[in-house]
Amino acid sequence: MRIRCAVAGLAVLALAAGCTSKPDAQPQPGPSTAASPPPWTEPADYGFVVERRCDGRASLGTYRVTVRDRTVATADRIDGKNIVGEEEIDVPTLGGLLDLARTAADDGGKMSTSADPVDGHPVTVSFDVSDAGDNAENTCFHITEYTPAS
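Below: a short report on this structure.

Calculation criteria
- Residues numbered from 1 in each chain as written.
- Predicted model: local features only at pLDDT ≥ 70, side-chain atom pairs only at ≥ 80, totals over all residues.
- Heavy atoms only, no water.
- Helix = DSSP H or I, 4+ residues; strand = E, 2+ residues; numbered from the N terminus.
- Expected span 1.5 Å × (residues − 1).
- Buried < 20%, exposed > 50% of the residue type's maximum accessible area, 1.4 Å probe, protein only.
- Contact = heavy atoms within 4.5 Å.
- Pairing = 2+ DSSP bridges.
- Axes fitted to C-alpha atoms, helices over the stretch in contact; angles between N-to-C directions.
- Polar contact = N/O pair within 3.5 Å; in protein donor to acceptor, adjacent residues only side chain to side chain.
- Lys, Arg positive; Asp, Glu negative; His and termini not counted.
- Salt bridge = Lys/Arg side-chain N within 4 Å of Asp/Glu carboxyl O.
- Core = buried A, V, L, I, M, F, W, Y, C linked by side-chain atoms within 4.5 Å.
- Phe/Tyr/Trp six-rings, centres within 6.5 Å; stacked < 30°, edge-to-face > 60°.

## Remarks on helix H2 (residues 94-106)
The periodicity of an α-helix, 3.6 residues per turn, causes residues three or four places apart in sequence to face the same way.
Stage number 1. An ideal rise of 1.5 Å per residue puts 18 Å on 13 residues; H2 measures up with 18 Å between its terminal C-alpha atoms.
Stage number 2. Leu94, Gly95, Gly96, Leu97, Leu98, Ala101 and Ala104 are the residues of H2 that are buried.
Stage number 3. Where H2 is buried, its residues contact strand S1 (46-52), strand S4 (110-115), strand S5 (122-128) and strand S6 (139-148).
Stage number 4. One or two steps after H2, the chain reaches Gly108, where phi turns positive at roughly 95 degrees.

Structure below.
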């Protein structure tokens, strides 16, 4: 009998609490629910242009890349610049860039990526593995003209 009385008492309290709320109260906005990009799966064959440049610094090279069977088939420098004091790089695939960034993060470095909102392919990949973590040694890639093979 006591349990029934306790349950009935809790029900009355719950009803009373519900009656004390303001009827004109508007729901408060919550955190942004902007849609996140879809997950991206690297296709076997695709092309893209990548520029090695961190914000506020000069470009270290722009390359047109063709990927065949998930391997870089060609990477042609298209910015017309001669290499001065900088070694030519082996441009990785987009999956390879993401792997480099994950490895940097696993090693205690900082990394950031952003993705295309339509298909989820990476559009920026940045990482810093310097001991200071001050972004002075950032490696940044900006991806454009991504075109999966049909």
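## Description of the sheet that holds S6
Stage number 1. Spatially, the 6 strands line up as an open sheet ordered S3-S2-S1-S6-S5-S4, and their pairing is antiparallel. The sheet is open, and its two borders are formed by strand S3 (71-77) and S4, each paired with just one other strand. Within the sheet, the average angular offset between the axes of one strand and its neighbour, ignoring direction, is 20 degrees.
Stage number 2. Judged from the 6 bridges that link them, S4 and S5 form a sheet pairing that is antiparallel. By the bridge assignment for S5, Met111 is matched with Phe127.
Stage number 3. Of the strands in this sheet, S1, S4, S5 and S6 touch H2, which is tilted by about 30 degrees from S5.

## So, the side chain of Thr93
Stage number 1. If you trace the backbone, Thr93 turns up in the loop between S3 and H2.
Stage number 2. The exposure class of Thr93 is buried, given its relative accessible area of 11%.
Stage number 3. Of note is the side chain of Thr93, whose polar atom sits 2.9 Å from the backbone nitrogen of Gly96.
Stage number 4. With near-sequence residues (within four places) excluded, Thr93 lies in contact with Glu42, Tyr46, Phe48, Val67, Arg70, Thr71 and Val72.

## A look at the side chain of Glu42
Stage number 1. Inspection of the secondary structure assignment puts Glu42 in the loop between helix H1 (2-19) and S1.
Stage number 2. Here Glu42 sits buried without a salt bridge, and the closest side chain of opposite charge, Arg70, lies 4.8 Å off (N-O distance).
Stage number 3. From its side chain, Glu42 meets the backbone nitrogen of Gly95 in a polar contact 3.3 Å long.

## Points about the nonpolar core
Stage number 1. Residues Phe48, Val50, Val65, Leu94, Val125 and Ile143 are the most contacted members of the largest nonpolar core, which totals 18 residues.
Stage number 2. Elements with a contribution of two residues or more to this core: S1, strand S2 (62-68), H2, S5 and S6.
Stage number 3. Among all residues touching Leu94, those that are not within four sequence positions of it are Trp40, Glu42, Tyr46, Phe48, Pro122, Ile143 and Tyr146.

## Things to note about the environment of Ala75
Stage number 1. Following the sequence through the fold, Ala75 ends up in strand S3.
Stage number 2. When its relative accessible area of 35% is taken as the criterion, Ala75 is described as partly exposed.
Stage number 3. Excluding its chain neighbours within four sequence positions, the residues that come into contact with Ala75 are Arg64, Val65 and Val91.

## Some remarks on the packing of aromatic side chains
Stage number 1. Counted under the stated rule, the structure contains 5 aromatic pairs.
Stage number 2. Here the aromatic rings of Trp40 and Tyr46 are separated by 6.4 Å at their centres, their planes lie at 85 degrees, and the arrangement is edge-to-face. Each member of the pair Trp40 and Tyr46 is classed as buried.
Stage number 3. Taken together, a centroid distance of 6.1 Å and an interplanar angle of 75 degrees make the contact between Trp40 and Tyr146 edge-to-face. One end of the pair, Trp40, is in the loop between H1 and S1; the other, Tyr146, is in strand S6, and 106 residues separate them in sequence.

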